[in-house]
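# Report on the structure
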Amino acid sequence: MRSILSSLAARTRPFKSNPAMNCWATVTTSLQDQDAHTPTCPTKLPEFQTTGRSRIHRSSTTKLGCAIFLMLACLIFGVMPVRAAEPAGGQKFPISSDSYQDESISILSGKLFARIQKEPFNAAATIIFFIAIVHTFLVSRFQRLAHDYDIRARAIEALEPFERQQRDREWDQLLFRAQLFHFMGEIEAVFGIWLVPLMIAIIFFHGWPAMVNYVGHVNMAEAIFVVVIMSMASSLPILRLAEKAVARIAALGRGSPVIWWLSILTIGPLLGSFITEPAAMTISALLLRHRFYNLRPSTRLKYATLGLLFVNVSVGGTLSHFAAPPVIMVASHWKWNFLFMLQNFGWKAVIAILVSNFLFLLFFRKEMTRLAFEPETGETVPDQREVPWSITLIHLLFLAWTVVNAHYPVLIIFGFLFFLAFVTATRRRQHQIALRQSLLVGFFLGSLVIHGGCQEWWIVPVLKQLTEVPMMIGATILTAFNDNAAITYLASLVPDFSDSLKYAVMAGSITGGGLTVIANAPNPAGISILSSRFGDGGIAPLGLFWAH
């Protein structure tokens, strides 16, 4: 066998570069994220010999992959029914809070323990959910591991062909680990990753039909809405319009960094009540990225500004009933309209944003005055092309269509397709739409909704035990560990909720919307846009939490 392999290795020829492949490598490199610090693909592929050992290794890997694929296929087709049906006995999954019929148990801990006994899946789902939350606090660690593995893989790639052949298997392993930890370090992918164990748990406790029915019937309208509205808000006409609005205020202070900072963190979040919170987060984060974070502030000021942005956006979307995700979830059920929101939340939100901004400005006044006006960052100047008012008006109409049809995914997608066609037709006055960030945020929100539906068993009894003040504090704390839209949605399921309790849970939910990355649906959008300004490790969730 060794002699056969040696003869095969002797007959191999060097792999020569193909011009077509070189062109393809160049094109794919240009499509990478501009913030990713990845080297440019070489114009000529390196020559190396494919030895018998490497061929055997790749062949073994291919065979192993085929075997795993066949086993998974057999497993899926073995458990998959011809038609997905409800779980055995006609019992709905997950069990609603009213179905437990445990009103006679007054002690909260006893009630939760009884629910676990009746439905053991509750414990498994909540454990998986809290592990996912812990994972969000470890993403910076995974990013560092991915960076280390990537450096080691590139070191092997830079070796001479003969030395690289000897470490072929190690090279494959390092590349795989680098990509694995990079994926685990994406904050938007965390809850999607932990959907896999959740689905396995559902199958284990209730079977394949229950998992298919539950996941297949989860309402993804909000996730689709966020993806589309973020993509539209990141277009050049909308960004230019928002920047001009903020620039009018900043001009009062002659465009100084302090006035830009104050204007963005005041006007941007309040715009969220009219163009929705995801759009306000996208616009505010992009403006902060170019007008403030490029000035290289201290790490402490970076995190303080990020935390203030998240809180202001969460609070600033409450002037209307169609902009903030936690309000959208309950507005129709609780019959809250625009006038109600403006009278009970809107004017208070404006005061809260102004007071918070000026307090932060007073605390960091010395560093703010030291920021340079035009630092040498080595970055390209933002696009300054003029956009005709007619194109801007059409973009605003597309935004209005999306907001009006926020609960109808088919109409949202229908309008989005026409929007993309219009952007292509007017591409000379446009820039590339940021679909990657929007899709990641939508993936995050959709995954969180699936997880949140399995947490009703403990959230509803916790909320029912609270009065007004504890309700507001409890909603704020719970929001840090769950999306605030999920908190208000689950609160709407509680029967006989008084108006004061509704107000308390809403106030607590929007107040805690900036505590963590998962506290408010638009937060991952800000993370995606600004993470490159926080170094190689990105934004540390603990740093964001302590910034408050």
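Residues numbered from 1 in each chain as written. Predicted model: local features only at pLDDT ≥ 70, side-chain atom pairs only at ≥ 80, totals over all residues. Heavy atoms only, no water.

## Concerning the overall build of the chain
Counting its regular elements, the chain contains 29 helices and zero strands. Burial statistics for the chain: of 548 residues in total, 48% are counted as buried. For the chain, the share of sequence-separated contacts (at least 6 apart) that also reach a separation of at least 24 residues comes to 80%. Taken as a whole, the chain presents about 28100 Å² of accessible surface, with 66% of it coming from carbon and sulfur. (Helix = DSSP H or I, 4+ residues; strand = E, 2+ residues; numbered from the N terminus. Buried < 20%, exposed > 50% of the residue type's maximum accessible area, 1.4 Å probe, protein only. Contact = heavy atoms within 4.5 Å. Areas by Shrake-Rupley, 256 points an atom, 1.4 Å probe, with all protein chains shown as cover.)

## Observations concerning the packing of helix α12 (residues 221-233) against helix α22 (residues 409-425)
If you want to describe how two helices pack, look at the angle between their axes and the distance between the axes. It is at 10 Å that the axes of α12 and α22 come closest, and there the two elements cross at 20°. When the interaxial angle is binned, α12 and α22 end up roughly parallel. For the pair α12 and α22, the sense of crossing is left-handed. Only P409, I412, I413, G415, F416 and F419 of α22 make contact with α12, whose side of the interface consists of A221, I224, F225, V228, S231 and M232. Taken together, the residues of the contact of α12 with α22 break down into ten nonpolar, two polar and no charged. (Axes fitted to C-alpha atoms, helices over the stretch in contact; angles between N-to-C directions. Parallel < 35°, antiparallel > 145°, perpendicular 65-115°, else oblique. Left-handed = near helix turned anticlockwise from the far one by under 90°. Nonpolar A, V, L, I, M, F, W, Y, C, P; charged D, E, K, R; others polar.)

## Structural notes on the packing of aromatic side chains
Inspection of every chain in the model, using the stated rule, returns 23 aromatic pairs. Here the aromatic rings of F191 and F444 are separated by 5.8 Å at their centres, their planes lie at 85°, and the arrangement is edge-to-face. Of the two residues, F191 is situated in helix α9 (residues 190-193) and F444 in helix α23 (residues 435-452); the sequence distance between them amounts to 253 residues. For the pair formed by F191 and F444, the shared burial category is buried. Ring pairing ties together the aromatic residues W334, W336, F340, F345, F497 and Y503, which thus form one cluster. Sitting above the plane of the W260 ring, R291 keeps its charged end 4.3 Å from the centroid. Above the plane of the ring of F534 lies K302, whose end atom (NZ or CZ) is 5.9 Å from the centre. (Phe/Tyr/Trp six-rings, centres within 6.5 Å; stacked < 30°, edge-to-face > 60°. Lys NZ or Arg CZ within 6 Å of the ring centre and 35° of its normal.)

## A closer look at helix α28 (residues 523-530)
Owing to its 3.6 residues per turn, the α-helix brings residues three or four apart onto one side. Where burial is concerned, most of α28 is hidden: eight out of the eight residues are buried. Here the buried face of α28 lies against α12, α15 (277-291), α16 (299-316) and α23.

## Focus on the pattern of salt bridges
Here the idea is simple: oppositely charged side chains can pair when their charged atoms come close. Summed over all chains, the structure comprises five salt bridges. The salt bridge involving E170 is made with R167; its shortest N-O contact spans 3.1 Å. When the shortest N-O distance is used, the salt bridge between R291 and E243 registers 3.1 Å. Taken together, the residues R291 in helix α15 and E243 in helix α13 (residues 236-250) connect sequence positions 48 residues apart. (Salt bridge = Lys/Arg side-chain N within 4 Å of Asp/Glu carboxyl O.)

## Describing the nonpolar core
Soluble globular proteins tend to bury their nonpolar side chains together. In terms of nonpolar packing, the biggest core is built from 75 residues, with F191, W261, F292, L306, L309, M368 and L530 touching the most fellow members. With near-sequence residues (within four places) excluded, F191 lies in contact with F129, A132, I133, T136, F444, S447, L448, H451 and I518. (Core = buried A, V, L, I, M, F, W, Y, C linked by side-chain atoms within 4.5 Å.)

## Thoughts on a nonpolar patch on the surface
On the surface, F130, V469, I473, I477 and F481 cluster together into a nonpolar patch covering about 460 Å² of accessible area. Ranked by the residues each element gives to the nonpolar patch, the list is headed by helix α25 (residues 468-480), at three residues. Following the sequence through the fold, I477 ends up in helix α25. Residue classification places I477 among the partly exposed residues on the basis of a relative accessible area of 48%. (Patch = residues over 30% accessible without salt bridge, like charges linked within 9 Å, V, L, I, M, F, W, Y side chains within 5 Å.)

## Regarding the side chain of T266
One can find T266 in helix α14 (residues 257-275). Under the relative-accessibility criterion, T266 is labelled buried at 11%. Sequence-distant contacts of T266, that is, excluding residues within four places in its chain, are made with I353, L354 and N357.

## Describing the side chain of T488
Here T488 shows up in helix α26 (residues 484-492). Side-chain polar atoms of T488 contact the backbone oxygen of P326, separated by 3.0 Å. (Polar contact = N/O pair within 3.5 Å; in protein donor to acceptor, adjacent residues only side chain to side chain.)

## A look at the environment of S438
Counting through the fold element by element, S438 comes out in helix α23. Here S438 falls in the buried class, since its relative accessible area comes to 1%. Here the alpha-carbon distance between S438 and S234, two residues 204 residues apart in the chain, equals 9.3 Å. Setting aside residues no more than four positions away along its own chain, S438 makes contact with V227, M230 and S231.

## Focus: unusual backbone geometry
For Q101, which is not glycine, the phi dihedral falls at a positive 50°. As for its position among the elements, Q101 is in the loop between α3 (52-79) and α4 (108-118). Classification of Q101 by relative accessible area gives exposed; the value is 65%. For K335, which is not glycine, the phi dihedral falls at a positive 60°. Tracing the sequence through the fold places K335 in the loop between α18 (331-334) and α19 (338-363).

## Some words on the environment of I187
Topologically, I187 is positioned in the loop between α8 (168-184) and α9. Along the backbone, I187 and P524 are 337 residues apart, and their C-alpha atoms lie at a distance of 7.4 Å. If we ignore the near neighbours within four places in the chain, the residues touching I187 are T136, V139, F444, V517 and I527.

## Considering the confidence of the model for the chain
Low-pLDDT portions of the prediction should not be read for the details of their coordinates. Taken residue by residue, the chain gives an average pLDDT of 80. The fraction at 70 or more is 80%. A low-confidence stretch, residues 8-62 stays under pLDDT 50, and its non-local contacts, those more than four residues away or across chains, total 51 contacts. For the stretch residues 75-89, pLDDT sits under 50, and the model shows 15 contacts to residues farther than four places along the chain or on other chains. (pLDDT = per-residue confidence, 0-100.)

## A short note on the packing of α14 against α16
Packing of α14 against α16 brings their axes to within 7 Å, and their N-to-C directions diverge by 30°. By the angle between their directions, the pair α14 and α16 is classed as roughly parallel. The interaxial crossing formed by α14 with α16 has right-handed handedness. Counted together, W261, L265, P269, L270 and S273 of α14 and T305, L308, L309, N312, V313 and G316 of α16 form the full contact between these two elements. A breakdown of the residues in the contact of α14 with α16 according to their chemical character gives seven nonpolar, four polar and no charged.

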